[in-house]
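# Breakdown of the fold
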Amino acid sequence: MMTGSNPLGHGRVAKAESAAIAEAVERLRAGAVVAIPTETVYGLAADASNADAVAQIYRTKGRPDFNPLIVHVPDHAAAERLAQFDDRASKLAVRFWPGPLTLVLPLQPDARVAKAVTAGLPTIALRCPAHPVMQAVLKQSGLALAAPSANRSGGISPTRAEHVARSFGEAMPLVLDAGPCATGLESTIVAIRENGWQLLRPGPVTAAEIEALLDEPPLPVSDAKIEAPGQLASHYAPSKPVRLNAREAQSGEWHIGFGVVAGDDNLSPDGDLAEAAARLFDALHKGDASKATSIAVAPIPDEGIGVAINDRLKRAAA
Ligand code: TXA
Ligand code: MG
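The paragraphs below set out a description of the structure included in this document. (Residues numbered from 1 in each chain as written. Chains lettered and ligands numbered in written order. Predicted model: local features only at pLDDT ≥ 70, side-chain atom pairs only at ≥ 80, totals over all residues. Heavy atoms only, no water.)

Our focus in this paragraph is the sheet that holds strand β13 (residues 265–266). Taken in spatial order, the four strands of this open sheet run β11-β14-β12-β13, and their pairing is parallel. The strands lining the two open edges of the sheet, one partner per strand, are β11 (242–243) and β13. Across two bridges, the pairing between strand β12 (residues 253–257) and β13 is parallel. If you follow Gly257 over to β13, its bridge partner there is Asn266. (Pairing = 2+ DSSP bridges. Helix = DSSP H or I, 4+ residues; strand = E, 2+ residues; numbered from the N terminus.)

Written out as structure tokens, the structure is:
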């Protein structure tokens, strides 16, 4: 039930079982925001067709300006009601959905989405997530859900319910807790343009996989027009300085290791990049919460999902 003075309703972390999922659906239908797990990170979701609900996302995150949001849909059919799919977009959706890929496509003229979702752009970012809890909420609500990562603007993305709770404090919404996110890095964002495709944000689906499927290299992305805040130099930043490619820690540093570089914490002692991706944000949260005055991170191989890990680390260090 929506109650009292807190416009978010009673904020709490609830295990993502059927009663809590039903409550989340009820709140979303009433125009509230709810934090929901996906396979990448926890999202702060609201009804994409409801302008007040979308405004509540921006207020809760403390996003100063209106950056466009990713809209989550249960399947390809729901996506086609919101955006225009050409052959390349369909190919990508068939291959990678449900999963950690976001497609930026021309907006359908009659799409039922609030203006603030697309920030006035003629395009819309769509993702069909694989996580069973997000899928259940999408199907039961019948809504398309706008959802940025469930952290205060500029902070470290949340891969656990407790990260969401810590980030919002008093202003916490209902958080559906399904444990740690399996993939752990935000979705790959690909824009389909008339003359080709662009990688707007590296992620779990690699540029090489997309290039192989579409059989064409990406178009360059110009720095002049930044469309994704993920492209801003400083993003995903802990509150402490971050030093990269650190094989050894200096005094006062919290050392995040990888492989044989042991560290105070280790992203993957076996040197497994998928495991490192899943653990990255939790490790940054831990380093941020530690007594150390700064964070150092071991070198991460720049291959496969390592490219996305290094992208997030560069922004954390900027
Ligand atoms: O894995 C994810 O993608 C997570 C989960 C919750 O799904 N969501 C996420 O949302 O990372 P957010 O708001 O933190 O990042 C969305 C990115 C932003 O960089 C935004 O600028 C970009 O998507 N974006 C949204 N619509 C766009 C558009 N029409 N054109 C270009 N970029 C767009
Ligand atoms: Mg984010």
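Moving on from the model shown.
Let us look at helix α10 (residues 306–317). Here α10 spans 16 Å end to end across 12 residues, near enough to the 16 Å set by a 1.5 Å rise per residue. Counting buried positions over the 12 residues of α10 gives nine, a clear majority of the element. Of the surrounding elements, those touching the buried residues of α10 are β10 (196–201), β11, α9 (273–289) and β14 (294–297). (Expected span 1.5 Å × (residues − 1). Buried < 20%, exposed > 50% of the residue type's maximum accessible area, 1.4 Å probe, protein only. Contact = heavy atoms within 4.5 Å.)

Moving on to the pairing of strand β3 (residues 43–47). For a regular strand, the rule is simple: side chains alternate between the two faces of the sheet. Of all five residues making up β3, five are buried, and the element is well covered by its neighbours. Bridging between strand β2 (residues 34–36) and β3 involves three bridges; their strand directions are antiparallel. Bridged to Ala35 within β3 is Leu44. When β3 meets strand β7 (residues 145–146), the two strands line up antiparallel, connected through two bridges.

Moving on to the sheet that holds strand β6 (residues 123–127). What the 10 strands build is an open sheet, ordered β1-β8-β2-β3-β7-β4-β6-β5-β9-β10; its pairing is mixed. The open sheet has two free edges, formed respectively by β1 (12–15) and β10, since each of these has just one partner strand. Pairing of strand β5 (residues 101–106) with strand β9 (residues 188–193) involves four bridges; the strand directions are parallel. Counterpart to Leu103 in the pairing with β9 is Val190. Where helix α2 (residues 51–61) meets the sheet, it contacts β3 and β7, and its direction lies at approximately 155° from that of β3. (Axes fitted to C-alpha atoms, helices over the stretch in contact; angles between N-to-C directions.)

What follows concerns the packing of aromatic side chains. Taken as a whole and judged by the stated rule, the model has one aromatic pair. Taking the centre distance of 6.1 Å and the plane angle of 75° together, the rings of Phe85 and Trp97 count as edge-to-face. You can see Phe85 sitting in the loop between α3 (76–80) and α4 (87–96) and its partner Trp97 sitting in the loop between α4 and β5, a full 12 residues away along the chain. The pair formed by Phe85 and Trp97 is uniform in burial state, with each residue classed as buried. (Phe/Tyr/Trp six-rings, centres within 6.5 Å; stacked < 30°, edge-to-face > 60°.)

A few words on α4. When we look at burial in α4, the residues that qualify are Arg88, Ala89, Leu92, Ala93 and Phe96. For α4, the buried positions fall inside an angular range of 135° around the axis, keeping them on one side. Turned more than 90 degrees away from the buried face of α4, the exposed residues are Asp87 and Val94. Turning to α4, the residues buried within the fold contact α3, β5, β9, β10 and α8 (207–214). (Arc of directions from axis to C-beta.)

So, about the pattern of salt bridges. As enumerated under the stated definition, the model contains 13 salt bridges in all. Here Glu23 and Arg12 are joined by a salt bridge, their closest N and O atoms 2.8 Å apart. Here Glu23 is found in helix α1 (residues 18–29), whereas its partner Arg12 is found in strand β1, with 11 residues between them in sequence. Judged by its relative accessible area of 35%, Arg12 falls in the partly exposed class. (Salt bridge = Lys/Arg side-chain N within 4 Å of Asp/Glu carboxyl O.)

Tracing the backbone through its elements, the reader meets Ala161 in helix α7 (residues 161–168). Each residue touching Ala161, except ones within four places of it in the same chain, is listed here: Val13, Tyr42, Val175 and Asp177.

Here the focus is the pairing of strand β8 (residues 174–177). The sheet contact formed by β1 and β8 spans four bridges and is parallel. By the bridge assignment for β8, Val13 is matched with Val175. Relative to β8, β2 runs parallel, the two sharing two bridges. When the sheet's bridge partners are listed, Val34 is paired in β8 with Leu174.

Approximately 300 Å³ is the volume found for the largest pocket. Along the walls of the largest pocket sit 14 residues, with Arg81, Leu82, Gly142, Leu143 and Ala144 positioned nearest its centre. Looking at the lining of the largest pocket residue by residue, the class counts come to eight nonpolar, two polar and four charged. (1 Å grid on protein atoms, 1.4 Å probe; cavity = no way out; pocket = protein on both sides within 12 Å on 5 of 7 lines; lining within 4 Å. Points joined across faces, edges and corners; volume = space filled by probe spheres on them. Nonpolar A, V, L, I, M, F, W, Y, C, P; charged D, E, K, R; others polar.)

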